[in-house]
Amino acid sequence: MAASTVAPDADMTPEERQSVLRTIRSPRLLKTEILAGLVVALALIPEAIAFSLIAGVDPRIGLFASFTMAVSIAFLGGRPAMISAATAATALVVAPLVESHGLDYFIAAVILAGVFQVIMGLIGVAKIMRFIPRSVMVGFVNALAILIFTSQFPDLIGVPWLVYPMVAFGLVVIYLLPRITKVVPPPLVAIVLLTVIGVVFALNVPTVGDKGELPQSIPELFIPNVPLTVETFQIIAPYALGMAAVGLLESLMTAKLVDDVTDTRSGKVRESWGQGAANIISGFFGGMGGCAMVGQTMINVKASGARTRISTFCAGLFVLILAVALGDIVAMIPMAALVAVMIFVSIATFDWHSIKPSTLKMMPKSETSVMVITVVATVWTHNLAIGVGLGVLAAMVLFARRVAHLVTVDRRIERHFDEDIAKYEVVGELFFASSNDLYTQFNYAEDPEHVVIDMYSSHVWDASTVASLDAVTEKYAKYGKRVEISGLNRASAALHERMAGKLGAGH
């Protein structure tokens, strides 16, 4: 960024720019944060309504969630300027519960998901994010995009024909407006224009008001009316755990992205339990919960230049003010407008570069396979947590399979003091996948009486490898030959000494 654009605060480090106190003392920075919050709120309102419909609940549930999540995470989160609100990712996970058991069980699941996230945060689950491969993350994003798109089908099938040109017009506005101005979010402009068209011409198309009642007042304390029994826990726990996992995954991925954009570090552990606390608060105020939102966060940080918790707080506050004060107007919004927004979100979310022929040709087949497995599993089950879990499992198996073939065993015959010695040099990382075939790499019958296995260029990682070395030694012993294992590094030698000869047959 040019120095002239930030002259008054040019001496600030990225960490200092995140200071709330410094921002409050600077009218220019404070204005940036407040306006950023307003822009984000304008973008949040239509999506919160749309995500509510994905979950099968009244729009006010999503709006209350966006308010409570944003305001709560502004104080509790570990990543300043990141926006948390109602999201499609979490809505898709718990949507079946609304249909099968109703709103009270849904809210109870949101609260329990928050409890799970607090526990995950306190035990350091955030640290395992480093083990999620990029291919799984790409599959996660692509599956989310597909699910968002397919969730629009109910509002595109069996509807008046006017819905289709309205959706098309909305998409044209969303895609073309940024070429003229970027002051106002294109989705909001599309919604406003389509609403005006629908009202002026009295078009007979489905509206948001047809879906449910909008809030007439601020959120109130809500205690879900569910029995506190083991059976209730068994009903809501799977959905709550899925929501907790998906919400944390998306939030931590978004936090990492903001870290890169702002050149600062975030508290991943604090963000984890902060998300949980925000979901608990959201549930007790009748909200559907949520997690961090990539799109709105980028509007806040990248497009609007916000850096502090003030912008996040303002976003939540403006959502409540606009939704309650303008509820009657919001009810007139055509569903076609929201469908256009969600189609745009799905297209923008999908990683199109990942399926380009040039990319597929360049990427290892195992990486592409992991991405495809993640996408197929997620779309098939409609559960992002299951998809990511299977993707990680596939990545582990394929990695182990690939590493297993990197172990080599070279044999040569040497003569020492009138004695022939068969020397085997083992090179590579030895663990359960790579050591299982070690037993077959030796010429037991043809080798001389003295055999040396040189392990200088290898490492013993587990009991499976020790058991394989025991099997080799025992096989040679049956032929009356002795085996010398040499070159073990300190860790490998300690493991081998502790376990050799003690694992028993079959291990």
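Provided above is the structure to which this section pertains.
Only a predicted model underlies this, so the values are computations on that prediction, with no experimental measurement involved.

**Student:** What is the right way to look at the pairing of strand β6 (residues 482-486) in this model?
**Tutor:** For a regular strand, side-chain orientation follows a simple rule: the groups alternate between the two sheet faces. Note: strand β5 (residues 450-460) against β6, five bridges, orientation parallel. Pairing of Val451 across the sheet is with Val483, part of β6.

**Student:** Looking at this structure, I do not really get the side chain of Thr68. What am I missing?
**Tutor:** In this fold, Thr68 is placed in helix α4 (residues 59-76). Its relative accessible area of 5% is what places Thr68 among the buried residues. Polar side-chain contacts of Thr68 include one of 3.2 Å to the backbone oxygen of Ala65. Separated by 3.3 Å, the side chains of Thr68 and Ser282 make a polar contact.

**Student:** Mind showing me how you'd approach the packing of helix α8 (residues 163-176) against helix α15 (residues 335-349) here?
**Tutor:** Helix packing geometry: the angle between the two helix axes and the distance between the axes. Two elements in contact, α8 and α15, have axes separated by 8 Å at closest approach and are oriented at 50°. The pairing of α8 with α15 is recorded here as oblique in orientation. At the point where α8 passes α15, the crossing takes the right-handed sense. The segment α8 lies against α15, with Val163, Met166, Val167, Gly170, Leu171, Ile174 and Tyr175 engaging Ala336, Val339, Ala340, Val341, Ile343, Phe344 and Ile347.

**Student:** Explanation requested: a nonpolar patch on the surface in the structure shown.
**Tutor:** On the surface, Val172, Tyr175, Leu176, Ile347, Trp352, Ile355 and Leu360 cluster together to form a nonpolar patch covering roughly 610 Å² of accessible area. Here the nonpolar patch takes three residues from α8, the largest share from any one element.

**Student:** Where do I start with the packing of aromatic side chains in this structure?
**Tutor:** Within a pair of aromatic rings, the relevant descriptors are the distance that separates the centres and the angle that separates the planes. Inspection of the entire model under this criterion finds 10 aromatic pairs. Here the aromatic rings of Phe75 and Phe313 are separated by 5.9 Å at their centres, their planes lie at 80°, and the arrangement is edge-to-face. Highlighted residues: Phe75 in helix α4 and Phe313 in helix α13 (residues 309-325), separated in sequence by 238 residues. Aromatic pair Phe149 and Phe153: ring centres 5.6 Å apart, planes at 85°, arrangement edge-to-face.

Parameters at a glance
Residues numbered from 1 in each chain as written. Predicted model: local features only at pLDDT ≥ 70, side-chain atom pairs only at ≥ 80, totals over all residues. Heavy atoms only, no water. Pairing = 2+ DSSP bridges. Helix = DSSP H or I, 4+ residues; strand = E, 2+ residues; numbered from the N terminus. Buried < 20%, exposed > 50% of the residue type's maximum accessible area, 1.4 Å probe, protein only. Polar contact = N/O pair within 3.5 Å; in protein donor to acceptor, adjacent residues only side chain to side chain. Axes fitted to C-alpha atoms, helices over the stretch in contact; angles between N-to-C directions. Parallel < 35°, antiparallel > 145°, perpendicular 65-115°, else oblique. Left-handed = near helix turned anticlockwise from the far one by under 90°. Contact = heavy atoms within 4.5 Å. Patch = residues over 30% accessible without salt bridge, like charges linked within 9 Å, V, L, I, M, F, W, Y side chains within 5 Å. Areas by Shrake-Rupley, 256 points an atom, 1.4 Å probe, with all protein chains shown as cover. Salt bridge = Lys/Arg side-chain N within 4 Å of Asp/Glu carboxyl O. Phe/Tyr/Trp six-rings, centres within 6.5 Å; stacked < 30°, edge-to-face > 60°.

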